[in-house]
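# Residue-level structural notes
Chain residues, written in single-letter form:
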Amino acid sequence: MFSKSKTTPDSVSAPSQPTAVPAKMATGARHTTFSILGSDVVVTGNVAASVDLHVDGKIEGDLKCANLVQGESSEIKGAVVADTAKVAGLIDGSIEAKTLIVHATARITGDVTYENITIENGGKVDGKLSHRRAGAAGFAKSPPPLEVVENKSATLGA
């Protein structure tokens, strides 16, 4: 009953060698689809990610990523650039996103440039909202000012 030897049933066998990790996974986080900054993480400095990023912690610096999901208790103090940004926490800085979703708990202090925007009831944006045309490589240039031209054809026919 209390013997030191341990027997295992025939149906359960322990592997004799460590399992090999496929080469694709052995290269690290480059093949992941997203990264997470947990609520206990504080980053001081700029953050750049080529993948989607979920932020629940605090970032004091600029942030650039493919797509951003920001948690309610998260704080970002710096400029944000992303294809899609779903904001639910505090952002103190500018935002540039193709698609921006401002949730009811979000508080943004800074200028916002977007192609598509949704602001839920209760979401707060304190800054300039600038629409950028879809597919524009950079910021859309404002059209040239209108020029008043006298219509001479109206006076000739009289």
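Residues numbered from 1 in each chain as written. Predicted model: local features only at pLDDT ≥ 70, side-chain atom pairs only at ≥ 80, totals over all residues. Heavy atoms only, no water.

On to the pairing of strand β9 (residues 80-87). Two elements, strand β6 (residues 63-64) and β9, share two bridges in a ladder whose sense is parallel. By the bridge assignment, Lys 64 is partnered in β9 with Val 81. Across three bridges, the pairing between strand β7 (residues 67-70) and β9 is parallel. From the neighbouring strand, Leu 68 faces β9, where its bridge partner is Ala 85. Relative to strand β11 (residues 95-102), β9 is paired through seven bridges, and the arrangement is parallel. In the sheet register, Ala 85 faces β11, and the bridge partner there is Leu 100. (Pairing = 2+ DSSP bridges. Helix = DSSP H or I, 4+ residues; strand = E, 2+ residues; numbered from the N terminus.)

Here we take up the sheet that holds strand β5 (residues 58-60). Taken in spatial order, the six strands line up as β2-β5-β8-β10-β12-β14 in an open sheet, and their pairing is parallel. In this open sheet, the two edge strands, each paired with only one partner strand, are β2 (42-44) and β14 (124-126). Averaged over all adjacent pairs, the angle separating strand axes in this sheet is 5 degrees, with direction ignored. In this structure, β5 lies alongside strand β8 (residues 75-77), joined through three bridges in parallel fashion. (Axes fitted to C-alpha atoms, helices over the stretch in contact; angles between N-to-C directions.)

The next point concerns the confidence of the model for the protein. Scored by pLDDT, the protein has a mean of 79; 65% of the residues are at 70 or more. The low-confidence segment residues 8-29 (pLDDT under 50) makes two contacts with residues lying over four places distant or belonging to another chain. Per-residue pLDDT stays below 50 along residues 139-144; that stretch engages in five contacts with residues further than four places along the chain or on separate chains. (pLDDT = per-residue confidence, 0-100. Contact = heavy atoms within 4.5 Å.)

Locating Asp 56 in the fold gives a position in the loop between β4 (52-55) and β5. With a relative accessible area of 24%, Asp 56 lands in the partly exposed category. Between the alpha carbons of Asp 56 and Ser 74 there is a distance of 4.7 Å; along the sequence they are 18 residues apart. Look past the residues within four positions of Asp 56 in its chain and what remains in contact with it is Leu 37, Gly 38, Ser 39, Gly 71, Ser 73 and Ser 74. A distance of 3.2 Å separates polar atoms of two side chains, one belonging to Asp 56 and the other to His 54. (Buried < 20%, exposed > 50% of the residue type's maximum accessible area, 1.4 Å probe, protein only. Polar contact = N/O pair within 3.5 Å; in protein donor to acceptor, adjacent residues only side chain to side chain.)

Mapped onto the elements, Arg 132 comes out in the loop between β15 (129-131) and α2 (153-156). Polar contacts involving the side chain of Arg 132 include one to the side chain of Glu 96, which spans 2.6 Å.

Another point: the pattern of salt bridges. Under the defined criterion, the tally for this structure stands at two salt bridges. The closest approach of N and O atoms between Glu 96 and Arg 132, which form a salt bridge, is 2.6 Å. Taken together, the positions of Glu 96 in strand β11 and Arg 132 in the loop between β15 and α2 put the pair 36 residues apart, joining distant regions of the chain. Classification of Arg 132 as buried rests on a relative accessible area of 6%. Residues participating in the shared-partner salt-bridge network are Glu 96, Glu 115 and Arg 132. (Salt bridge = Lys/Arg side-chain N within 4 Å of Asp/Glu carboxyl O.)

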